[in-house]
Amino acid sequence: KIAIASKGAGRDSQIDDHFGRAHYFVLVDSDSELFSVCGNSGGRSTPYTAGMQTAGTLLSLGVKAVIAANIGSKALATLQAAGVPTYRCRNEKVEQALDHFKRGMLLTLEEADACEADPPADSVANAMTGRGILLLQPGKESEYPLVES
C-alpha cells in the first residue's frame, strides 16, 4: 500500500506540500491499484507532533511506501524505523506521482532532506516578551512547547 500526501480526495488532486498537515492521503493498493482516501484531521489539528502522529496513522493502515513533497525529520525517522521508504514528489498530481513511482523516477528522502517546521508563533511571541523560555538546540528553534518561567 502506497500513501500519497494530497490536497484533495482524488487521483487528480495536487500533492500536498506538508506531510504531517496534509489534508488527505490517497492510499493505493500496489497489487490491485485500487484507490482509497484517508482524511488527516488528527494531524492537521495537533499543535506539535503532526508528522509523527500522521506517520503512526499510516503505519497502522499498513502503508509500505510514502510519497510527499516535504516531511519533518521526526516523521521521516518514524517511517524509516518501520522500514517504510519515503519518496519526494513536488508540484504534481497524485496520478502523476504514482506513475513516477512505478517507473522508479522518484528519489527517496533521507534525513538530510527533511524539513524542520517553524515553532508555533505564540511560542516565539512568548519568548520575545519574556513570558517564557524558548528551548534552543544549536542552530535551530526547538519543536517543544514553551517552558513557563
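It should be emphasised that the depicted structure is a prediction, and the values quoted were computed from it without experimental measurement.

*Asks:* Looking at this structure, I do not really get the confidence of the model for the protein. What am I missing?
*Replies:* Detailed reading of the predicted coordinates is not advisable wherever pLDDT is low. Here the protein averages 79 in pLDDT, and 74% of its residues register 70 or above. Ignoring residues within four places in sequence, the model shows residues 118–149, a span with pLDDT below 50, making 38 contacts including any to other chains.

*Asks:* Explanation requested: the sheet that holds strand 1 (residues 2–6) in the structure shown.
*Replies:* In a beta sheet, neighbouring strands pair by backbone hydrogen bonds and run either parallel or antiparallel. Read from one edge to the other, the open sheet built from five strands follows the order 3-2-1-4-5, with strand pairing classed as mixed. With partners counted over all chains shown, the strands left at the sheet margins are strand 3 (35–39) and strand 5 (86–88), one partner each. Each strand of the sheet is rotated relative to its neighbour by a mean of 25°, with strand direction disregarded. Summarising the sheet, strand 1 and strand 2 (residues 24–28) pair through five bridges and their orientation is antiparallel.

*Asks:* Would you mind going over the side chain of Asn70 with me for this structure?
*Replies:* Examined against the element boundaries, Asn70 turns out to sit in the loop between strand 4 (65–68) and helix 3 (73–81). At 3.1 Å, the side chain of Asn70 forms a polar contact with the backbone oxygen of Asp17.

*Asks:* Explanation requested: the pattern of salt bridges in the structure shown.
*Replies:* Note that side chains of opposite charge can pair when their charged atoms are close. Counted under the stated rule, the structure contains four salt bridges. The residue Asp17 makes a salt bridge to Lys7 at a minimum N-O spacing of 3.9 Å. With Asp17 in the loop between strand 1 and strand 2 and Lys7 in the loop between strand 1 and strand 2, this residue pair connects regions lying 10 residues apart in the sequence. We classify Lys7 as partly exposed; its relative accessible area is 42%. Its salt-bridge partner being Glu95, residue Arg11 comes within 2.7 Å of it at the nearest N-O pair.

Each value, and the rule that gives it
- Residues numbered from 1 in each chain as written.
- Predicted model: local features only at pLDDT ≥ 70, side-chain atom pairs only at ≥ 80, totals over all residues.
- Heavy atoms only, no water.
- pLDDT = per-residue confidence, 0-100.
- Contact = heavy atoms within 4.5 Å.
- Pairing = 2+ DSSP bridges.
- Helix = DSSP H or I, 4+ residues; strand = E, 2+ residues; numbered from the N terminus.
- Axes fitted to C-alpha atoms, helices over the stretch in contact; angles between N-to-C directions.
- Polar contact = N/O pair within 3.5 Å; in protein donor to acceptor, adjacent residues only side chain to side chain.
- Salt bridge = Lys/Arg side-chain N within 4 Å of Asp/Glu carboxyl O.
- Buried < 20%, exposed > 50% of the residue type's maximum accessible area, 1.4 Å probe, protein only.

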